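Spelled out, the chains give:
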Amino acid sequence: MQDEQLIQMQSALPADHQKAVQEGLNAWDKEGKVQKIWARDASVWTGKDESKWLGWLDIVDEQLGDLATLEAFQNEVKARGFTDVLLLGMGGSSLGPEVLGEVFGHQTGFPTLHVLDSTDPQQVFTFQQKVDLGKTLFIVSSKSGGTLEPNILKAYFYNEAKKVVGDKVGSHFVTVTDPGSHMEDVAKQDGFWKIFYGKKDIGGRYSVLSNFGIIPAAAAGLPLRALLQSAHKMQKACAAETSLTQNLGLQLGAIWGTAVAQFKRDKFTIIASPAINSLGAWLEQLLAESTGKIGKGIVPIDEETLTTPDHYGNDRLFVYLRLNGNVDAAQDKALEALKAAGHPVVTLNLQDKNQIAQVFYQTEFATAVAGSFIGIDPFDQPDVEASKIETKKITTAYNEHGKLPDITPVVRDGNFEVYAGKVEVEKLQNASSLTDALKTLFSQVQTGDYVGVLAYIERDLATRDWIQKIRLAIRDKKKVATAAEFGPRFLHSTGQAYKGGPKTGVFLQITVDDVKDLPVPAEKYTFGIVKEAQARGDFDVLSERDRRVIRIHVKGDMKAGLETLSKTILSAL
Ligand SMILES: O=P(O)(O)OC[C@H]1O[C@H](O)[C@H](O)[C@@H](O)[C@@H]1O
C-alpha cells in the first residue's frame, strides 16, 4: 500500500513495454543503482562529473531546516506592503516560480507574482504596465548570474523603478544567485535589499525546490511548510532504503527511459488538469535539457490539445498530471481512448495543489533515472551554449558597427521574407512565394518527425491561441507531434533538444517587425536588437546542425501579418 499522502501513480503500458520496464528494474536492483545515485556515483550515467550535480536530492531537508528564515522573509515582504513581485529570469530560474505563481494565484495580504522571461520589447513593456513600479519587489533570478536576459532586464527595471522611488531603489530588489556570481556583485554594488544563494551542485532545471523556487514562493505568500513537507514525502519515497516497487521516481524513470531507449517513443506528450497546466512548461525544460543531446533524448510536447487516437503515431508517450477536484472530463475520456488504442499513458494523480512539490521531486528523480537508461549525462546542456555564442557575436557586431549584419532572404512575398537554413537552401531554389516555401518545408515532414513553431513575439493569450491554431492544424494534417514555443523563452528549455536531440525536428521560425522597442541602459543595442540576435543565433545553430528550418519574417503591421501568415500556413498544409 502506498502512503495515501503521496501522489498516486498509474501506468497503462503495452505488454512488451511493461516487460521491458520490469527487466530494467531488475537490473537496477541487481546493480544497486538507486543506492549509487544517493552515493553520488557518476557511473550511473556517463562517469563524467554527474556526481557534482546531485544537490537536489536532499535540498528539501535543507530548506525545511531553513524554514524559519524563509518565513521571516515572507513576513517582511508582507509587512512592506508590496503590491507586485516581478521576477526577472530565464529557464530554471523562471519556469518553477511561474508554476508556483500560477497554480496558487494571488494570496490575500501578499503581492501578486509576475514572471518575465522575454526580451520581446512589447512583452517587457506589458509587464511594466502591469505592475506598480513604486510598490514592486523585483527578484532578479540567475544561478550563473551571467545570463544576458536577467542582466538587461535588471538594468532596465532598476532604471525605471529609480525614476519612481529614487535613490532607495536598491531596497526594492533582491537576487537569487549562486555564490560568487556576477549578479552577486551587481546586487552588492546596487544596494539590493537581500541576496539569497543557490547551491552550486544543483543545475537550473533541478532548482525549483531550492531558493530559486522557494524565495519567489515566499514573497508571494505561498504555504512554504506544506509545500516542502509534501516534497519531503516524495524525497523519502525515492530514498535509497525504499523498496524499488515503492520508489515512485525510479518507477516513473524506468517507464520513461525504456520508452525512449527501446521503443522510440520519444515524444512525451504532457497533459495537465487546467489548474496545473503551467507545470507542463517546467517539465518540458527538465526533460528536454536533461535528455536531449548527442542525437538522443526526449522531445516534450506541451499544451497540444488531445484528439482521437488515429492522429498519433507510435512515437508518443502520454504523461497525465491529473489534479483531484479539477479534472477535465474531456481529457480523461481522450486518454482512456488512447490507452485502449495501445498508447502508453502514465498518470500522476495529485490529491491537492501542494502535491505539485511532489511532482517536482518525482520527475527530477525520474529524469535522472531515464537519463541513465538513455545513456546520456542528464545534468549538462551543451547545445544551449552554442546559440548563446552566436547571439553574442551578433550583439557585439551591432555594438561595433551600429547595425546588424546583412542577411538575404530566399523569397520575398509582399510583407513576408523567407530565410532558408543550410539544408533548405537548395530545396527552396524554385520557391517564389510564401506558400511555395511553406509547402516545400511541410513536404519534408515524415512519420516520426515533429514540427516546432518557434515564434519570437510577445507571449499573451491572443498569440498563444494563434500559435495553437497553427500547431494543431499541422498535427492534424501531418499526423506528427508539434511544439509551439515562444522565443527567447524556449532557448533556455526545449531549445537544447531541438539542436542536440534526435534529428527529427522540422522548424518554422517566425519573427516580426517590433511594434515598439525599448533601450537597454548603458548599451547601444536595444531589447529589439537582442531578440533579433537571439532569433538569428538560434536559426544559425539549427541550420549548422542540419536541421530542417526556415525563418519567416513578417514586416509591417504585426497583427495583420500574423493573421495572413496563419491562413497561408493552413492552406499550404
Ligand atoms: O539561472 P541562469 O544561470 O540565469 O540560467 C538560466 C538558464 O540558462 C541556460 O539557458 C540553461 O541552459 C538553463 O538550464 C538555465 O536555466
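What counts as what
Residues numbered from 1 in each chain as written. Predicted model: local features only at pLDDT ≥ 70, side-chain atom pairs only at ≥ 80, totals over all residues. Heavy atoms only, no water. Axes fitted to C-alpha atoms, helices over the stretch in contact; angles between N-to-C directions. Helix = DSSP H or I, 4+ residues; strand = E, 2+ residues; numbered from the N terminus. Contact = heavy atoms within 4.5 Å. Buried < 20%, exposed > 50% of the residue type's maximum accessible area, 1.4 Å probe, protein only. Pairing = 2+ DSSP bridges. Expected span 1.5 Å × (residues − 1). pLDDT = per-residue confidence, 0-100. Right-handed = clockwise from strand over helix to strand, strands pointing away. Core = buried A, V, L, I, M, F, W, Y, C linked by side-chain atoms within 4.5 Å. Near = heavy atom within 4 Å. Polar contact = N/O pair within 3.5 Å; in protein donor to acceptor, adjacent residues only side chain to side chain. Areas by Shrake-Rupley, 256 points an atom, 1.4 Å probe, with all protein chains shown as cover. Nonpolar A, V, L, I, M, F, W, Y, C, P; charged D, E, K, R; others polar.

## A short note on the packing of helix H4 (residues 67-80) against helix H10 (residues 224-237)
Turning to step 1, where the next piece is worked out: Direction vectors running N to C along H4 and H10 enclose 145 degrees, while the axes themselves pass 11 Å from each other. Along its contact with H4, which presents Leu67, Leu70, Glu71 and Gln74, the element H10 presents Leu224, Arg225 and Leu228.

## Quick look at unusual backbone geometry
Turning to step 1, where the next piece is worked out: The omega torsion of the bond from Gly487 to Pro488 falls at 0 degrees, within 30 degrees of zero and hence cis.
Turning to step 2, where the next piece is worked out: If you trace the backbone, Pro488 turns up in the loop between strand S14 (481-486) and helix H19 (495-500).
Turning to step 3, where the next piece is worked out: A positive phi angle is found at Ile294, which is not glycine, with a value near 40 degrees.
Turning to step 4, where the next piece is worked out: Tracing the chain through its elements places Ile294 in the loop between helix H12 (279-291) and strand S8 (299-302).
Turning to step 5, where the next piece is worked out: Ile294 sits in the exposed class, given a relative accessible area of 64%.
Turning to step 6, where the next piece is worked out: A positive phi is found at Lys479, a non-glycine position, where the angle reads about 55 degrees.

## Let's talk about the sheet that holds strand S3 (residues 112-116)
Turning to step 1, where the next piece is worked out: Overall, parallel pairing links the 5 strands, which are arranged S3-S2-S4-S5-S6 in an open sheet. The sheet is open, and its two borders are formed by S3 and strand S6 (194-197), each paired with just one other strand. Each neighbouring strand pair of the sheet contributes to a mean axis angle of 20 degrees, computed without reference to strand direction.
Turning to step 2, where the next piece is worked out: Sheet strands in contact with helix H7 (residues 148-165) are strand S2 (84-88), S3, strand S4 (136-142) and strand S5 (173-177), and its direction is about 160 degrees off that of S4.

## Here's the deal with helix H14 (residues 356-374)
Turning to step 1, where the next piece is worked out: Over its 19 residues, H14 extends 26 Å from the first C-alpha to the last, a length consistent with the 27 Å expected when each residue adds 1.5 Å.
Turning to step 2, where the next piece is worked out: Of all 19 residues that make up H14, 19 are buried, and the element is covered over most of its length.
Turning to step 3, where the next piece is worked out: The positive-phi residue at the C-terminal boundary of H14 is Gly375, with phi of around 90 degrees.

## Quick word on the confidence of the model for the chain
Any region with low pLDDT has predicted coordinates that should not be read closely.
Turning to step 1, where the next piece is worked out: When pLDDT is averaged along the chain, the result is 97; 99% of the residues meet or exceed 70.
Turning to step 2, where the next piece is worked out: Reported confidences for the modelled complex are a pTM of 0.98 and an ipTM of 0.99.

## Examining the pairing of strand S15 (residues 505-512)
Turning to step 1, where the next piece is worked out: Most of S15 is tucked away: 8 of the 8 residues are buried.
Turning to step 2, where the next piece is worked out: Here S15 shows a buried face lined by Gly505, Phe507, Gln509 and Thr511 and a second buried face lined by Val506, Leu508, Ile510 and Val512.
Turning to step 3, where the next piece is worked out: Of the strand pairs in this sheet, strand S13 (residues 450-455) and S15 are connected by 6 bridges, and their pairing is parallel. Residue Val453 lies in a different strand from S15, and its bridge partner there is Leu508.
Turning to step 4, where the next piece is worked out: Crossover connection from S15 via helix H20 (residues 527-544) to parallel strand S16 (residues 548-554): handedness right-handed.

## As for the nonpolar core
The nonpolar side chains of a soluble globular protein tend to be buried, and buried together.
Turning to step 1, where the next piece is worked out: One finds Trp256, Leu321, Ile356 and Phe365 to be the most contacted residues of the largest nonpolar core, which totals 97 residues.
Turning to step 2, where the next piece is worked out: The element contributing the most residues to this core is H14, with 12 residues.
Turning to step 3, where the next piece is worked out: The contacts of Trp256, once residues within four sequence positions are left out, are Phe268, Leu283, Leu287, Leu317, Val319, Thr363, Ala366, Thr367 and Ala370.
Turning to step 4, where the next piece is worked out: By size, the runner-up hydrophobic cluster in this structure holds 36 residues, among which are Phe442, Trp466, Ile467 and Ile510.

## A closer look at the site of the ligand
Turning to step 1, where the next piece is worked out: Around the ligand lies a shell of 14 residues, among which Ser93, Ser144, Thr147, Glu289 and His492 are the nearest.
Turning to step 2, where the next piece is worked out: Within the contact set of the ligand, an oxygen atom lies 2.6 Å away from a side-chain nitrogen or oxygen of Ser93.
Turning to step 3, where the next piece is worked out: Gln285 is positioned with one of its side-chain polar atoms (N or O) 3.3 Å from an oxygen atom of the ligand.
Turning to step 4, where the next piece is worked out: For the ligand, the accessible surface in isolation is 390 Å², of which the surrounding protein chains cover 93%.
Turning to step 5, where the next piece is worked out: Looking at the shell around the ligand, the elements with two or more residues in it are H12 and helix H15 (382-401).
Turning to step 6, where the next piece is worked out: By residue class, the composition of the shell around the ligand is 2 nonpolar, 9 polar and 3 charged.

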